[in-house]
Structures are given as C-alpha cells and as structure tokens.
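# Structure assessment
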Amino acid sequence: MDTSDPDLLPEGLEDRLPRDAATATRVMRAIHGVMHGHGYDRVMPPSIEYERSFAARMAGIQSRRMFRFVDPSSLRMMALRSDFTPQIGRLAETRLAEAPRPLRLCYAGQVVTIKADGLNPSREKLQCGAELVGADNVAAAAEVVAIAIEALQAAGATGVSVDFTLPDLVDTLAEKALPLAPGQIEAVRRELDTKDAGGLRDVGGEAYVPLLYATGEFDTAIDKLAAIDAGGALASRIDALRQIAARLGGAARLTLDPSERHGFEYQTWFGFTLYAEGVRGIVGRGGTYRIAGSDADARQANARQQGEAATGFSLYPNALIDLLAANEPAEDTVFLPLGHDRDEAARLRAIGWRTVAALSEADSADALRCTHMLGANGPEKLA
Ligand SMILES: N[C@@H](Cc1c[nH]c[nH+]1)C(=O)O
C-alpha cells in the first residue's frame, strides 16, 4: 500500500459522497422516526470515554477491539466507542438512575473498531438503536424485536428476517442438565461456534451435539429444541421464545439458531440477529442484558445475573444504505436565477422545495444539476 499519499484514508474507513450521504440521512431519519414514535428518547453520549467505563458496565465486553489511547491531558486510558449500548447503560445507572422505569432511550452515530468484522472490511459503521432499560421479559423482547423490524422496513429494507438465539445456552445447560467441568465449557462453546459435531464429541460435549440440529425455520427448530430439553432447564426460555414469535405475528421471517454466539458478548437469555434481502451480512443485532450499577462492588464478574435488566437492539444500516443509494432518485431542485424573488424562494422552501441560488451570471441550472427553474409562475420543469 502507498503510505506516502496524505489524502489516502486508512484501511476500512471511507467517505460518503452526496448521493450516499443523502440516502444515509433518509435512512437515519426513518429509523429514528420509528424509535421516537414508540416513545424512545434520543441521547447523545460522547464518542470517547475512559476505557474502564466501556468495559465495566456489562459482563463480557472486551475492549481489545476498541481503539485505545492515553489521554494526553489526564494520562488515563481512553477508548473510542465501538458500541453505544454500554454508554446507554452508563447513562441509565448514573445521570438517569432516578428516571422512571422502564426507561426508553435511542441513539445514532458512528462506532469504530480496530479490526473489521468477518467479511465486512469497514472499521467504522453507523449504529442506530434503542434500549429498553428496566425489563428483560417477553413483553420487552417482543417490543424491541418488533420495533427493530419496523425501523428496518421504514428505512426501505425488504424481506427482513430474524434469527433468534439463546446467548447463555451453554452456561444454562452446563449448570445441571448437561453438566460440564469448568475447563470444558469454553471448549464446548468453541466447537458449537464452529458447528463441528466431531469436535464437540472430542471435547466431551456429546450431549450438546443435538443443539447443532435444532436450527432453521423457527416453528420446526423450536420443537427440536424442546425435544432436547432434558430436565426442563430450557423450558422457560423455549416458552418465552414461542411467545415472542407469536407476538411478532408474521412481521418477518423467523429462524432459530440456539447456539449462535457470534457478536453476543454481553447478552443473557435472549438474542437475535437481523437480516434483510439483498443486504450482505447482518443488519442488526439485539437481546437482553444486565447493566452493572455505578457501585464498584456491584460490578462483579457475575454481573450477568446481577445489575439492572435491559433489552435493546442496534441496527448497522451501512450495507442497506449502499443498496438503496444505487436507486436513490435525484431530488427536485429549483434553480434561482440572479435577482430572483427572495420571498417566493423562501415560500417554496417552506413547502418543501429545495433551491440553489445563482451567485453569478456564470452559474447555470444545468451545471448545478437543478431539475427546475424559478419562472414567473413558480418552478418550471427543465427538460
Ligand atoms: N449493541 C449490541 C446489540 C444490542 C443492543 N442492545 C442489546 N444488544 C450490538 O451491537 O451487537
């Protein structure tokens, strides 16, 4: 790579030019409109915080994927946001600790990671999401999934599908129903992640093999999972998943992959991944989690069972924006010639027109890609 060109952007970072940026703006507005409409208030945390405040709020967060650096002023370690959710957790437990529950908050902005994720080479992504703090039950999960689907559809996504998972599945089963030695748990998780039945048997996880097959269309996969459930350890989760699916009532195609953990660092009993037709990779993710209080003692390693319950989702609309931008129609724009009637132009903007004013005789409607020209009787369409 040529590193001598000062205009070259670092790998995985890119500009959005006007057409893409216009689509991105429309998509963000549509998503925000849905979250706002369902009573979620927007908050705007800073893009940089102390590393500890990102990592300590939820069990399982790893700061190794975050850009970190020493603050030249405080000499403390800081990190660039890689996910809004821990910041919402911090706000909920500090400045909004006294706010009534359930607390509904939403956000939108850029998040950055050191390394790209899987096939997607981007290191900076747009993240828009909503967090429902104070509940992680069926009602909360069903609301959150339904809003995520609605937001994606409002943004222009079609063929939305939702893949349910049980992020703490292995921990739950290993406790009693399908016991594992503490040293075995990680190995079983790893083999489940790679969906390797042979590997699972090799590490003593034979009993977990059927989980690899309880996947696919929700209705059939959940029956298979129910059939595996020795001792009823998963009964309440299976029942909850069925209720969530029923409440969604056909809003999207539903699938189940109970052992899927990729990207679920801190989620507890419920997780979901969102996909949309024609969009490569995932378009969003969400689930239930626990937020540790501000009391340092409360931030135990065991925070998955402690702390305040919450449910939320994050959408990553970049790939959807790329897809939609290709068909984004050019916006109507009225060229305002030199000496135009300013009041008339203001009136047009007030009713939704977009105007471009000539600054000199050299400016032309054509060169400035205007679709209309302000004439004596208002905007006239240009050929
Ligand atoms: N922030 C999580 C998704 C999430 C939001 N709330 C709960 N889970 C992610 O981006 O993967």
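Note that the structure is a prediction, hence the values are computed from the model and not measured.

Conventions and cut-offs
- Residues numbered from 1 in each chain as written.
- Predicted model: local features only at pLDDT ≥ 70, side-chain atom pairs only at ≥ 80, totals over all residues.
- Heavy atoms only, no water.
- Helix = DSSP H or I, 4+ residues; strand = E, 2+ residues; numbered from the N terminus.
- Contact = heavy atoms within 4.5 Å.
- Areas by Shrake-Rupley, 256 points an atom, 1.4 Å probe, with all protein chains shown as cover.
- Lys, Arg positive; Asp, Glu negative; His and termini not counted.
- Charge placed at Lys NZ, Arg CZ, Asp CG, Glu CD.
- Expected span 1.5 Å × (residues − 1).
- Near = heavy atom within 4 Å.
- Polar contact = N/O pair within 3.5 Å; in protein donor to acceptor, adjacent residues only side chain to side chain.
- Salt bridge = Lys/Arg side-chain N within 4 Å of Asp/Glu carboxyl O.
- Pairing = 2+ DSSP bridges.
- Axes fitted to C-alpha atoms, helices over the stretch in contact; angles between N-to-C directions.
- Phe/Tyr/Trp six-rings, centres within 6.5 Å; stacked < 30°, edge-to-face > 60°.
- Buried < 20%, exposed > 50% of the residue type's maximum accessible area, 1.4 Å probe, protein only.
- Lys NZ or Arg CZ within 6 Å of the ring centre and 35° of its normal.
- Core = buried A, V, L, I, M, F, W, Y, C linked by side-chain atoms within 4.5 Å.
- Disulfide = S-S within 2.5 Å.
- UniProt positions renumbered as here; feature names shortened; annotations may be inferred.

### Structural notes on the overall build of the protein chain
- Helix and strand counts for the protein chain stand at eleven helices and 16 strands.
- Principal-axis analysis of the C-alpha atoms gives the protein chain an extent of 80 × 55 × 50 Å.
- Considering only contacts within the protein chain whose residues lie at least 6 apart along the sequence, 66% involve residues at least 24 apart.
- Only carbon and sulfur atoms are counted for the fraction: they give 52% of the accessible area of the protein chain, which is about 19,300 Å².
- One finds the centroid of the 41 positive side-chain charges in the protein chain at a distance of 3 Å from the centroid of its 53 negative side-chain charges.

### Comments concerning helix α1 (residues 18-37)
- With 20 residues, α1 should reach 28 Å at 1.5 Å per residue; the first-to-last C-alpha distance of 28 Å fits that figure.
- In the core, the buried residues of α1 are packed alongside β5 (103-112), β6 (124-133), α4 (138-155), β12 (308-315) and α10 (318-325).
- Positioned one or two residues after α1, Gly39 has a phi angle of 90 degrees, which is positive.

### A closer look at the site of the ligand
- Among the 15 residues in the neighbourhood of the ligand, the closest are listed as Thr85, Glu131, Tyr266, Arg285 and Tyr316.
- Asp83 is positioned such that a nitrogen or oxygen atom in its side chain is 2.9 Å from a nitrogen atom of the ligand.
- At a separation of 2.9 Å, a nitrogen atom of the ligand approaches a polar side-chain atom of Ser314.
- Calculation on the ligand without its partners gives an accessible area of 310 Å², and the protein chains cover 98% of this total.
- Those elements that provide at least two residues to the shell around the ligand are β6, β11 (284-291) and β12.

### Some words on the pattern of salt bridges
- In this structure the tally under the stated criterion is 20 salt bridges.
- Note that Asp136 and Arg290 form a salt bridge whose closest N and O atoms lie 3.6 Å from each other. With Asp136 in the loop between β6 and α4 and Arg290 in strand β11, the pair connects residues that are 154 residues apart, well separated along the chain.
- Put simply, Arg201 and Glu206 hold a salt bridge, and the shortest N to O gap is 3.4 Å.

### Concerning the sheet that holds strand β3 (residues 68-70)
- Reading across from one edge, β2-β4-β3 is the order of the three strands in this open sheet, with antiparallel pairing throughout. Each end of this open sheet is capped by a strand with a single partner; those strands are β2 (48-50) and β3. Averaged over all pairs of adjacent strands, the angle between their axes in this sheet comes to 35 degrees, without regard to strand direction.
- Pairing geometry for β3 and strand β4 (residues 77-80), over three bridges, is antiparallel. Within β4, the position partnered with Val70 by the bridge is Met77.

### What to know about the packing of aromatic side chains
- All chains considered together, the criterion is met by six aromatic pairs.
- Measuring from ring centre to ring centre gives 5.7 Å for Tyr266 and Tyr289, while their planes differ by 70 degrees; the resulting arrangement is edge-to-face. Of this pair, Tyr266 sits in the loop between β9 (253-256) and β10 (271-275) while Tyr289 sits in strand β11, and the two are 23 residues apart along the sequence.
- The exposure class of Tyr266 is buried, given its relative accessible area of 8%.
- Overall, Tyr289 belongs to the buried group, its relative accessible area being 2%.
- In textbook terms, an aromatic cluster arises when at least three aromatic residues are bridged by ring pairs, as seen for Phe164, Phe218, Trp269, Phe270 and Phe272.
- In this structure, Arg285 is placed above the aromatic ring of Phe264, and the distance from its NZ or CZ to the ring centre is 6.0 Å.

### Focus on α4
- Here α4 spans 26 Å end to end across 18 residues, near enough to the 26 Å set by a 1.5 Å rise per residue.
- Of all the residues in α4, the buried ones are Val138, Ala140, Ala141, Ala142, Val144, Val145, Ile147, Ala148, Ile149, Ala151, Leu152 and Ala155.
- Positive phi appears at Gly156, one or two residues downstream of α4, with a value of about 115 degrees.

### Points about the nonpolar core
- Residues Phe164, Tyr208, Phe272 and Leu274 are the most contacted members of the largest nonpolar core, which totals 73 residues.
- In terms of residue count, α4 provides more of this core than any other element does, twelve residues in total.
- Ignoring anything within four residues of it in the chain, the contact list for Leu274 reads Ala148, Ile149, Leu152, Val160, Ser161, Val162, Ile282, Val283, Gly284, Arg285 and Leu315.
- One finds Leu105, Tyr266, Ile291 and Ala310 within the second-largest nonpolar core, a separate group that totals 21 residues.

### Here's the deal with the pairing of β4
- Inspection of the sheet shows β2 paired to β4 by three bridges, in the antiparallel sense. Bridging across to β4, Glu49 finds its partner in Ala79.
- Remark: six residues form the turn of the hairpin made by β3 and β4, two consecutive strands paired antiparallel; Leu75 in that turn has positive phi of roughly 60 degrees.

### Description of the state of the cysteines
- The tally for this structure, following the rule as stated, stands at zero disulfides.
- For Cys128, which is in no disulfide, the shortest distance to another cysteine sulfur is to Cys106 and amounts to 9.3 Å.
- Using a relative accessible area of 1% as the deciding quantity, one classes Cys128 as buried.

### What about the UniProt feature "binding site: L-histidine" (unreviewed entry) in the protein chain?
- Here the UniProt feature "binding site: L-histidine" (unreviewed entry) sits at Asp83, Phe84, Thr85, Gln127 and Glu131. Across 49 residues, the annotated set stays spatially compact, with a maximum C-alpha separation of 12.7 Å.
- Mapping Asp83 onto the fold places it in the loop between β4 and α3 (85-93).
- The exposure class of Asp83 is buried, given its relative accessible area of 13%.
- Asp83 has contacts with Phe54, Val111, Gln127, Tyr266 and Ser314, leaving out every residue within four places of it along the chain.
- In terms of polar contacts, Asp83 uses its side chain to reach the backbone amide nitrogen of Thr85, at 3.2 Å.
- The residue Glu131 is located in strand β6 in this model.
- For Glu131, a relative accessible area of 1% corresponds to the buried category.
- Apart from residues lying up to four places away in sequence, Glu131 is in contact with Tyr40, Thr85, Ile88, Leu103, Arg104, Leu105, Tyr107, Tyr289, Thr311, Gly312, Phe313 and Ser314.

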